[in-house]
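So you can see what is in the structure, the chains are spelled out below.
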Amino acid sequence: MSADIGFCLWFTGLSGSGKSTVAAVVVDELRRRGHRVELLDGDEVRENLSAGLGFSKADRDTNIRRIGWVAALLARNGVVSVTAAISPYRAVRDEVRGQTEHFVEVFVDTPIEVCEERDVKGLYSRAHTGEIPEFTGVSDPYDPPLAPEVRVATHDRGPVASAAQVLAYLEEAGLTGPAPRPETAGTRS
């Protein structure tokens, strides 16, 4: 598949699992490989596309459907859309998958204890005290994917190794070519 064929790379996992961090590394590499790429980060989308939505199940579903619609639109137009949103409910993720021709689900599978340790904003502690109701993984469920195309465990490997795992899948699936080799100085023809 050439660099002008779009697809959707959908990162899902708990808050603090490493979705945005790994997605950013993948985005940089895909751009280096010549793809047109847009990153749809959950926090940024919520602020710009889904302002006014709360965190009820209905509002979360609406938010994910909006992200999915934009991601599918970009992919249809030859752009790689990379999403990094918790997207806690499997049914809505599967709905988005069904509307997107080339959909790759990446489950950032990090234990909640590790996510809580990484939580610089203190969201998990606030959720445990009830200050934040309906917090995914604490007082609201997270439905892990049943058969994601890629499962990365960021507690066992860093962002670069996790991104390499995603990129290896994309190469295997024919969605991107291998990394370009650097030009070597002084090479004779």
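Please refer to the structure placed before this passage.
Starting from 1, residues in each chain are numbered consecutively following that chain's sequence as written. A pLDDT threshold of at least 70 governs which residues receive local features in this predicted model, and a stricter bar of 80 or more applies before side-chain atom pairs are shown or counted, although totals over entire chains, interfaces and linings include all residues. As a rule here, side-chain values cover all heavy atoms of the structure and leave hydrogens and water aside.

Overview of the side chain of Ser-162
Cut-off, in case you're wondering: Secondary structure elements follow DSSP: runs of H or I of four or more residues count as helices, runs of E of two or more count as strands, with numbering from the N terminus. Residue burial is assigned from relative accessible area. The probe radius is 1.4 Å, only protein chains are included, and a residue is buried under 20% of its type maximum, exposed over 50%, and partly exposed in between. Any two residues having at least one pair of non-hydrogen atoms within 4.5 Å are treated as being in contact.
With respect to the element layout, Ser-162 can be found in helix H7 (residues 159-172). Residue classification places Ser-162 among the buried positions, given a relative accessible area of 0%. For Ser-162, the residues in contact, after removing those within four places along its chain, are Val-22, Val-152, Thr-154 and Arg-157.

Describing the packing of aromatic side chains
As a reminder of what qualifies: Stacked, edge-to-face and tilted labels apply to pairs of Phe, Tyr and Trp rings (six-membered ring for Trp) whose centres lie within 6.5 Å, assigned for plane angles under 30 degrees, over 60, and everything in between, in that order. Ring-over charges, as used throughout, are those where CZ of Arg or NZ of Lys falls within 6 Å of the ring centre and within 35 degrees of the ring normal.
All told, the structure shown has three aromatic pairs when counted by the stated rule. Their ring planes at 20° and their centres at 6.1 Å tell us that Phe-107 and Tyr-142 sit as a pair that is stacked. Of the two residues, Phe-107 sits in strand E4 (residues 103-108) while Tyr-142 sits in the loop between helix H6 (123-128) and strand E5 (150-152), which places them 35 residues apart along the sequence. Considering the side-chain rings of Tyr-124 and Phe-135, the 4.9 Å spacing of their centres and the 80° angle between planes classify their relative orientation as edge-to-face. Residue Tyr-124 is located in helix H6, and its partner Phe-135 is located in the loop between H6 and E5; the two are separated by 11 residues in the primary sequence. On the accessibility criterion, Tyr-124 (1% relative accessible area) is buried. By relative accessible area, Phe-135 is classed as buried at 10%. Residue placement shows Lys-57 over the ring face of Tyr-89; its charged tip is 4.5 Å from the ring centre.

Things to note about the packing of helix H1 (residues 19-32) against H7
Filter applied, for reference: An axis is simply a line fitted to the C-alpha atoms; with a helix, the fit covers only the stretch in contact. Between two such axes, the angle follows the N-to-C directions and lies from 0 to 180 degrees. In these notes the angle categories are as follows: under 35 degrees is roughly parallel, over 145 is roughly antiparallel, 65 to 115 is roughly perpendicular, and the rest is oblique. Take the far helix as your reference; a near helix turned counterclockwise from it by less than a right angle gives a left-handed crossing, and one turned clockwise gives a right-handed crossing. Each residue gets one of three labels, nonpolar for Ala, Val, Leu, Ile, Met, Phe, Trp, Tyr, Cys and Pro, charged for Asp, Glu, Lys and Arg, and polar for the others, Gly among them.
Orientation of H1 relative to H7, taken along the N-to-C sense of each, is 55°, at an axis distance of 9 Å. Put simply, H1 runs oblique to H7. H7 is crossed by H1, and the crossing has right-handed handedness. On the side of H1, the interface is formed by Thr-21, Val-22, Val-25, Val-26, Glu-29 and Leu-30, while H7 contributes Pro-159, Val-160, Ser-162, Ala-163, Val-166, Leu-167 and Leu-170. Tallied by class, residues from the contact of H1 with H7 come to 10 nonpolar, two polar and one charged.

Observations regarding the pattern of salt bridges
Put simply, the test is: One side-chain nitrogen of Lys or Arg within 4 Å of one carboxyl oxygen of Asp or Glu is enough to make a salt bridge.
A full pass over the atoms with the stated rule returns 11 salt bridges. Glu-29 is the salt-bridge partner of Arg-32, the closest N and O atoms lying 2.9 Å from each other. Of the two residues, Arg-32 and Glu-29 are both situated in helix H1; the distance of three residues between them amounts to about one turn of the helix. Accessibility expressed as a relative area gives 14% for Glu-29, which makes it buried. Between Asp-140 and Arg-60 there is a salt bridge, and its shortest N-O distance comes to 3.3 Å. Here the residue Asp-140 occupies a position in the loop between H6 and E5, and Arg-60 occupies one in helix H3 (residues 57-76), the gap between them amounting to 80 residues. The pair Asp-140 / Arg-60 is uniform in exposure class, with both members buried. Taken together, the salt bridges that share partners define one network made up of Glu-29, Arg-32, Arg-33 and Glu-171.

Keep in mind these values describe shape, not function.
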